[in-house]
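Overview (structure and organization)
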Amino acid sequence: MEAEGVGETLPEALPEGWIVLLILGLLLVGVVLLWLWRARRRLERGLQRVDAAWMVLEKAVGARLEALEAMVVALEQVGYVPEARGRLRAAVEALRAARGPRALAEADGAVEEVLLALYRGLPRERVEEIRAVQNRLALADEERDRARTAYNDLALSWALLVRRFPYRTLARRRGLVPREPFLLVGEEADYVRRHFGHL
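Read on for a plain summary of the structure. Predicted model only: the values in this text are computed from it and were never measured. (Residues numbered from 1 in each chain as written. Predicted model: local features only at pLDDT ≥ 70, side-chain atom pairs only at ≥ 80, totals over all residues. Heavy atoms only, no water.)

Thoughts on the overall build of the protein
- In terms of helices and strands, the protein carries six helices and zero strands.
- Along the protein, from the amino end to the carboxyl end, the secondary structure elements read α-α-α-α-α-α.
- Taken across its 199 residues, the protein has 33% of its residues classed as buried.
- For the protein, restricting intrachain contacts to residue pairs at least 6 apart in sequence, the fraction spanning at least 24 positions comes to 78%.
- For the protein, the exposed surface amounts to about 13300 Å²; the carbon and sulfur share of it is 59%. (Helix = DSSP H or I, 4+ residues; strand = E, 2+ residues; numbered from the N terminus. Buried < 20%, exposed > 50% of the residue type's maximum accessible area, 1.4 Å probe, protein only. Contact = heavy atoms within 4.5 Å. Areas by Shrake-Rupley, 256 points an atom, 1.4 Å probe, with all protein chains shown as cover.)

As C-alpha cells, this is what we get:
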C-alpha cells in the first residue's frame, strides 16, 4: 500500500510576475484607502473649523446684544428718542430670540433699520453716556463683522470642497451638509454671484 501523498505534485509557486502584480495591487489599494482617509479627515476638520467659527460669531453677536441693551438703558436714562427706544428694545429681543444664520441675519437687519432711525433722532450734541455706548456698539459691530467674514469664508470653502469628488460622496454617506452663510439683508444675491457664479 502506497503512503498517502506519494506521487502527488506540490503546488507550483506563483510566477515572479504575478507576485509583482499582487504587491502592486496591494500598494494601490493601500494608496486609495489612505487617500480616502485623508479626504474624510479634511472634510471633517473643515466642518469642525466652520462650526468653531460659528461659535465665535455667536459670541460676537452676544457682545453686540449687550452693547445694544446698554444703549437702550442709556437712552432711557437721558430721555432721548422715546418713540424709537421701544422699537429698538423689540428689535433687540427679536435678535436675542433668533437662531441660525438666516434668522440672525434678518433680526440683525431689523436692528440696523431701527438704529438708523434712532441716530437721526439723536441731538447733534450728545451726552457722554450716549457717546460711550455708541463707541461700545461700534466696537461690537466691528467684532461681529470680523467673525461673520471668517465664518462665511470657511463655510464657503467647505461648500466648494464638498462639491468635488470624492468629498461629495463622503459627505453624503456621512450625512454632512454645508453650513448656511450669515448674510445680511441684501447680500445674498451678490454673495451667490461672486462665489458661485463661475461654477
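After that view, the rundown keeps rolling.
Some thoughts on the environment of Ala 70
- By secondary structure assignment, the location of Ala 70 is in helix H1 (residues 16-78).
- Sequence separation between Ala 70 and Leu 137 is 67 residues; the distance between their C-alpha atoms is 8.9 Å.
- Ala 70 has contacts with Val 133 and Arg 136, leaving out every residue within four places of it along the chain.

Observations regarding the pattern of salt bridges
- If you walk through the whole model with that rule in mind, you get 15 salt bridges.
- Two residues, Asp 51 and Arg 179, come together in a salt bridge whose shortest N-O distance is 2.9 Å. Of this pair, Asp 51 sits in helix H1 while Arg 179 sits in the loop between helix H5 (167-174) and helix H6 (188-196), placing them 128 residues apart in sequence.
- Classification of Asp 51 as partly exposed rests on a relative accessible area of 30%. (Salt bridge = Lys/Arg side-chain N within 4 Å of Asp/Glu carboxyl O.)

Re the nonpolar core
- One finds Leu 75 and Leu 88 to be the most contacted residues of the largest nonpolar core, which totals 48 residues.
- Secondary structure elements with two or more residues in this core: H1, helix H2 (82-97), helix H3 (101-121), helix H4 (128-161) and H5.
- Top element by residues in this core is H1. It accounts for 17 residues.
- If near-sequence neighbours (up to four positions away) are discounted, Leu 75 is found in contact with Tyr 80, Val 81, Arg 85, Leu 88, Leu 118, Leu 122 and Ile 130. (Core = buried A, V, L, I, M, F, W, Y, C linked by side-chain atoms within 4.5 Å.)

Let's talk about the side chain of Arg 85
- As for its position among the elements, Arg 85 is in helix H2.
- Buried charge without a salt bridge: Arg 85, with Glu 76 as the nearest opposite-charge side chain at an N-O distance of 4.7 Å.
- Beyond its immediate chain neighbours, meaning those up to four positions away, Arg 85 contacts Val 72, Leu 75, Glu 76, Gly 79 and Tyr 80. (Lys, Arg positive; Asp, Glu negative; His and termini not counted.)

Points about unusual backbone geometry
- Here the bond from Phe 165 into Pro 166 is cis, since omega is 5°, no more than 30 degrees from zero.
- The phi dihedral of Val 81 is positive, around 35°, even though this residue is not glycine.
- Structurally, Val 81 is set in the loop between H1 and H2.
- For Val 81, a relative accessible area of 7% translates into the label buried.

Thoughts on the packing of H1 against H3
- The N-to-C vectors of H1 and H3 enclose an angle of 30°; their axes lie 13 Å apart at closest approach. Considering their axes alone, H1 and H3 lie roughly parallel with respect to each other. With respect to the hand of their crossing, H1 and H3 are arranged in left-handed fashion. Counting all contacts with H1, which are made through Trp 54, Val 61, Arg 64, Leu 68, Met 71 and Leu 75, the residues of H3 involved are Pro 101, Leu 104, Asp 108, Val 111, Glu 112, Leu 115, Leu 118 and Tyr 119.
- In terms of residue class, the contact of H1 with H3 is built from 11 nonpolar, no polar and three charged. (Axes fitted to C-alpha atoms, helices over the stretch in contact; angles between N-to-C directions. Parallel < 35°, antiparallel > 145°, perpendicular 65-115°, else oblique. Left-handed = near helix turned anticlockwise from the far one by under 90°. Nonpolar A, V, L, I, M, F, W, Y, C, P; charged D, E, K, R; others polar.)

A word on the packing of aromatic side chains
- In the structure shown here, the tally under the stated rule is three aromatic pairs.
- With a centroid separation of 5.1 Å and 55° between ring planes, the pair formed by Trp 54 and Tyr 151 is classed as tilted. Separated by 97 residues along the polypeptide, Trp 54 in helix H1 and Tyr 151 in helix H4 bring together distant segments of the chain. For the pair formed by Trp 54 and Tyr 151, the shared burial category is buried.
- Seen in terms of ring centroids, Trp 54 and Phe 182 are 6.4 Å apart; in terms of plane orientation they differ by 45°. Their pairing is tilted. On the criterion of sequence distance, the pair formed by Trp 54 in helix H1 and Phe 182 in the loop between H5 and H6 is long-range, its members being 128 residues apart. Taken individually, Trp 54 and Phe 182 each receive the classification buried, so the pair is uniform in this respect.
- Aromatic ring contacts, followed pair by pair, group Trp 54, Tyr 151 and Phe 182 into a single cluster. (Phe/Tyr/Trp six-rings, centres within 6.5 Å; stacked < 30°, edge-to-face > 60°.)

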